[in-house]
Amino acid sequence: DGEPLYCIGCGARIQTADKTQPGYTPASALKKDFDKTEVYCQRCFRLRHYNEITPVGLTDDDFLRLLSQIRDANALIVYVVDIFDFNGSLIPGLHRFVGENPVLLVGNKADLMPSSIKQSKLKDWIRQRANEAGIRPIDTALISAKTNQSVDELLQLIDQYRGDRDVYVVGVTNVGKSTLINQIIRQNTGAKDVITTSRFPGTTLDRIEIPLDDEHVLVDTPGIIQPEQMAHYLSGNDLKVVTPQKTIKPKVYQLNDGQTLFFAGMARFDYIKGPKHGFTLYFENNLYVHRTKLENADQFYDKHVGDLLTPPHADDEALPELVRHEFHTDEKSDLVFEGLGWVTVPAGVTVAGWAPKGVSVILRRPMV
Ligand code: GDP
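An unreviewed UniProt entry lists the chain under the name Ribosome biogenesis GTPase YqeH, with Levilactobacillus bambusae as the source organism.

Written out as structure tokens, the structure reads:
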């Protein structure tokens, strides 16, 4: 109907005429009943789904220029992270590119965490993890952009801290930044036509601005690609299977050492040495978990990946091989398969986590 469309990845105006210009999308992608609120330009689509272009933060001149503009601006930075994938949400060198500007840390996807975990505890936890990563937020909020939980409170915090400044919303892809921006648009303005777009000066990137008052705007910035995110290694369908949609129901497995758990064919947990113990799993509720003997686990995987252990599917493009990461715990910890979930492990045991090559497996302070 002629209404302009904007890429929800980079904000560029969608166009079908010139491949070399921002916002290009093949006309075929805009046929039939495509979702107008979920349009990606070809560049962002490829980045998201195939990790085809080098991460934009590292090589793209425009992107670097954009970052330096954020540094030079007098702004409140709203930094959105996914609490289910905290490590995958970290922006390397965040403080370098936000400069002196204050950072408001927003933990999104709170709806995924069991309600038995106190909100105040979760908030403390994300603030501490941020501190460890060298990020010192002025405040922390916990929200669900999807269910609209605490988005009002976030908007109040933003108003409180922004003072006489604009607001820049930053985050890596997949943390729910677009979902949040859409909630803000809905709540703040009730109408889409007050969104203005302009260009980040000196770049070819468009920016989406939502007026906050007569003088100040909330600016959506392009999602930053974090190459270690699990999302870059999975097909769209497989990603749906492993990504939690509803509140996670933790599962407890009593394990003896010498036992292995497979998380479909995506990851593997070996209990190598320690007493019999309960291990708590935080994964998508329907993700298939298979217990077997550690000594048979390699063979079992080779035989069953793609059938019993699925995803990945047999007809998927080959998933990178699983890589083993061994740990000994000094204290109770979460063994995190970045983006997929985690296992809470007691102190004083030896374990190994396996994940597709490129995907991090780390030990961290337990969330619960
Ligand atoms: P962006 O790349 O940061 O803009 O992320 P999107 O807004 O596109 O969201 C990425 C995925 O996370 C989508 O599948 C969303 O439905 C989902 N998502 C976003 N916000 C939430 C949330 O608060 N809770 C849950 N469970 N999922 C969310």
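The discussion continues.
Let's shift gears to the sheet that holds strand β10 (residues 267-273). Spatial ordering of the open sheet is given by β12-β9-β10-β16-β13, a layout of 5 strands whose pairing is antiparallel. Because the sheet does not close on itself, it has two edges, and the strands there are β12 (289-293) and β13 (322-328). In this sheet, adjacent strand axes meet at a mean angle of 20° when their direction is disregarded. As judged from the 7 bridges shared by β13 and strand β16 (residues 350-356), these two strands associate in the antiparallel manner. Its bridge partner lying in β16, Phe 327 is registered against Val 351. The strands touched by helix α9 (residues 297-304) are β9 (259-263), β10 and β12; relative to β12, the strand with the most contacts, the crossing angle is about 135°.

On to the site of the ligand, then. Taken together, the neighbourhood of the ligand is formed by 16 residues, with Lys 146, Gly 176, Lys 177, Ser 178 and Thr 179 sitting nearest. Class assignment for the residues of the shell around the ligand results in 3 nonpolar, 9 polar and 4 charged.

So, on to the nonpolar core. The nonpolar side chains of soluble globular proteins are, as a tendency, buried together. If you look at the biggest cluster of nonpolar residues, it comprises 46 residues, and the most contacted ones within it are Ile 77, Val 78, Tyr 79, Leu 104 and Val 106. A per-element tally of this core places strand β1 (residues 75-82) first, with 7 residues. In this structure Val 106 touches Val 78, Tyr 79, Val 80, Val 81, Ala 141, Ile 143 and Leu 154, once residues within four positions along its chain are discounted. Grouped together as the second largest cluster of nonpolar side chains are 30 residues, Phe 262, Val 345, Ala 355 and Val 359 included.

With that settled, consider the domain arrangement of the chain. Quoted interface sizes are often the accessible area lost when the parts come together. In terms of domain boundaries, the chain breaks down into domain 1 (54-227) and domain 2 (233-364). The straight-line distance from the C-alpha centre of domain 1 to that of domain 2 is 30 Å. Contacts between domain 1 and domain 2 engage 8 residues on the former and 9 residues on the latter. Among the residues forming the side of domain 1 that touches domain 2, the class breakdown is 4 nonpolar, 2 polar and 2 charged.

By the element assignment, Asn 296 lies in the loop between β12 and α9. The exposed category is assigned to Asn 296, around which 11 C-beta atoms lie within 10 Å. Between the C-alpha atoms of Asn 296 and Val 343, which are 47 residues apart in sequence, the distance is 21 Å.

On to unusual backbone geometry, then. Pro 311 follows Thr 310 through a cis peptide bond whose omega is 0°. By secondary structure assignment, the location of Pro 311 is in the loop between α9 and β13. Following Pro 311, the chain continues into Pro 312 via a peptide bond in cis, with omega recorded as 5°. The topology assignment puts Pro 312 in the loop between α9 and β13. You will see that Lys 109, though not glycine, has its phi angle at about 75°, which is positive. Here Lys 109 shows up in the loop between β2 (103-108) and α5 (119-132). Of note, the phi angle at Asn 148 is positive, near 75°, even though the residue is not glycine.

Next up on the list: the sheet that holds strand β11 (residues 277-282). The strands that make up a sheet pair up through hydrogen bonds in the backbone, lying either parallel or antiparallel. Overall, antiparallel pairing links the 5 strands, which are arranged β8-β11-β15-β14-β17 in an open sheet. Each of the sheet's edge strands pairs with one partner strand only, and the pair in question is β8 (251-255) and β17 (361-364). Adjacent strand axes in the sheet meet at a mean angle of 25°, parallel and antiparallel pairs treated alike. Relative to β17, strand β14 (residues 333-337) runs antiparallel, the two sharing 4 bridges. Residue pairing across strands places Asp 334 opposite Arg 364, the latter belonging to β17.

What follows covers helix α6 (residues 151-162). Relative to the 16 Å expected for 12 residues at 1.5 Å per residue, α6 spans 16 Å between its end C-alpha atoms, a close match to the ideal helical length. Taken as a whole, α6 has its buried residues at Val 151, Leu 154 and Ile 158. Viewed along the axis of α6, the buried residues span an arc of 50°, placing them on a single side of the element. Those residues of α6 that are exposed and angled more than 90 degrees off the buried face are Asp 152, Glu 153, Gln 156 and Gln 160.

To continue, consider the environment of Tyr 6. Along the polypeptide, Tyr 6 turns up in the segment before α1 (42-50). Along the sequence, Tyr 6 and Val 323 sit 317 residues apart, while their C-alpha atoms lie 39 Å from each other.

Rules used in this analysis
- Numbers given for residues are sequential positions, taken from 1 along each chain in its written order.
- Since the coordinates come from a predicted model, pLDDT governs what is reported: local features require at least 70, and pairs of side-chain atoms require 80 or more to be given and counted, while whole-chain, interface and lining totals use all residues.
- Strands were regarded as paired on the criterion that DSSP finds at least two bridges between them.
- Under the scheme used here, helices are H or I runs from DSSP no shorter than 4 residues and strands are E runs no shorter than 2 residues, and both carry numbers assigned from the N terminus.
- Only the stretch in contact is used when fitting a helix axis, every axis being a line fitted to C-alpha atoms; angles between N-to-C directions are given from 0 to 180 degrees.
- Whether two residues are in contact is decided by their C-beta atoms, placed from the backbone, lying within 7 Å.
- Each residue gets a C-beta atom placed from its backbone. If that atom is within 6 Å of a molecule or strand, the residue is near it.
- Note on residue categories: nonpolar means Ala, Val, Leu, Ile, Met, Phe, Trp, Tyr, Cys or Pro, charged means Asp, Glu, Lys or Arg, and polar means any other residue, Gly included.
- By definition, a nonpolar core groups buried Ala, Val, Leu, Ile, Met, Phe, Trp, Tyr and Cys residues that are joined through C-beta atoms within 7 Å.
- Three classes are used. A residue is buried when 20 or more other C-beta atoms lie within 10 Å of its own, exposed when 12 or fewer do, and partly exposed in between, with C-beta atoms placed from the backbone.
- An automatic or database domain assignment is the source of the domain bounds shown.
- Take the number of residues in a helix, subtract one, and multiply by 1.5 Å to get its expected span.
- Along the arc lie the directions from the helix axis toward the C-beta atoms.

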